[in-house]
Amino acid sequence: MNKKQEELLKKINNGKIKGSQKQLAKMLNISQVAVSRWLNGTQTPSQENYEKMSKIFKKNEEELEAIFSSNQSDNSDNAKQIMDFIKKENDLLRENIKKIIKEIELIKAKISK
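Keep in mind that what you see is a predicted model, and the values were worked out from it rather than measured.

### Let's talk about the overall build of the protein
Thinking step 1. On a plain count of helices and strands, the protein comes out with five helices and zero strands.
Thinking step 2. Reading the helices (α) and strands (β) of the protein from amino to carboxyl end gives α-α-α-α-α.
Thinking step 3. Across the protein, the fraction of contacts at a sequence separation of at least 24, relative to all contacts at a separation of at least 6, is 49%.
Thinking step 4. By element, 54% of the accessible surface of the protein is carried by carbon and sulfur atoms, the whole surface being about 8,300 Å².

### As for the pattern of salt bridges
Thinking step 1. Across all of its chains, the model carries five salt bridges by this definition.
Thinking step 2. Where D91 meets K87, a salt bridge forms, and the shortest distance between an N and an O atom there is 3.2 Å. On the criterion of helical spacing, the pair formed by D91 and K87 is a turn pair, its members being four residues apart in helix α5 (residues 61-112).
Thinking step 3. For D91, a relative accessible area of 32% gives the class partly exposed.
Thinking step 4. One salt bridge connects E95 with K98, and the closest N-O pair in it is separated by 3.8 Å. With E95 and K98 both in helix α5 and three residues apart, the pair spans about one turn of that helix.
Thinking step 5. Each of the salt bridges in this network shares a partner with another, and the network as a whole consists of K87, D91 and R94.

### Things to note about the packing of aromatic side chains
Thinking step 1. Per the stated rule, a full pass over the model turns up two aromatic pairs.
Thinking step 2. For the ring pair W38 and F68, a centre distance of 5.8 Å and an interplane angle of 80° mean the geometry is edge-to-face. Here W38, found in helix α3 (residues 32-40), pairs with F68, found in helix α5; they are 30 residues apart in sequence, far enough to count as distant. The same class applies to W38 as to F68, namely buried.
Thinking step 3. Taking the centre distance of 5.9 Å and the plane angle of 65° together, the rings of Y50 and F68 count as edge-to-face. On the criterion of sequence distance, the pair formed by Y50 in helix α4 (residues 47-57) and F68 in helix α5 is long-range, its members being 18 residues apart. Each member of the pair, Y50 as well as F68, carries the same accessibility label: buried.
Thinking step 4. One aromatic cluster in this structure is built from W38, Y50 and F68.

### Some thoughts on the packing of helix α2 (residues 21-28) against α4
Thinking step 1. Where α2 meets α4, the axes come as close as 10 Å, and the angle between the chain directions of the two elements is 105°. Accordingly, the angle class assigned to the pair α2 and α4 is roughly perpendicular. Here α2 contributes L24, M27 and L28 to the contact with α4, which in turn contributes N49, K52, M53, I56 and F57.

### Some details on the confidence of the model for the protein
Thinking step 1. Here the protein averages 83 in pLDDT, and 83% of its residues register 70 or above.
Thinking step 2. Element-level pLDDT for the protein is lowest in helix α1 (residues 3-13), with a mean of 72, against a maximum mean of 90 in α4.

The rules behind the values
- Residues numbered from 1 in each chain as written.
- Predicted model: local features only at pLDDT ≥ 70, side-chain atom pairs only at ≥ 80, totals over all residues.
- Heavy atoms only, no water.
- Helix = DSSP H or I, 4+ residues; strand = E, 2+ residues; numbered from the N terminus.
- Contact = heavy atoms within 4.5 Å.
- Areas by Shrake-Rupley, 256 points an atom, 1.4 Å probe, with all protein chains shown as cover.
- Salt bridge = Lys/Arg side-chain N within 4 Å of Asp/Glu carboxyl O.
- Buried < 20%, exposed > 50% of the residue type's maximum accessible area, 1.4 Å probe, protein only.
- Phe/Tyr/Trp six-rings, centres within 6.5 Å; stacked < 30°, edge-to-face > 60°.
- Axes fitted to C-alpha atoms, helices over the stretch in contact; angles between N-to-C directions.
- Parallel < 35°, antiparallel > 145°, perpendicular 65-115°, else oblique.
- pLDDT = per-residue confidence, 0-100.

Encoded structure:
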């Protein structure tokens with residue numbers, strides 16, 4: 001588990017569990033994979049799991065939802081940045097391919113003379 005996930009888990013659980021996805025999963029009677037997805041921001045808990053965490057950690061459901069939703073927003077921003085980077089790289093590759101094709105055509109023209 002990375003530092004960001006550990007910090008998120010601390011926000012959720014008021015320090016009641018020491019950064020363990022497995023422990024949280026066991027407390028909620030769900031899979032560790034589900035907890036991992038919440039902490040990675042790829043999914044959010046169900047209403048039932050918000051209710052369970054609310055009781056266990058003495059936080060209101062809205063506060064928990066805000067914590068998870070901000071985590072998901074962070075990941076959406078990261079995904080957008082990655083997609084923008086990939087698009088720029090693809091554009092550069094296309095330009096380089098065009099230049100290489102032109103050079104090949106020039107070489108072919110010289111050879112055929």
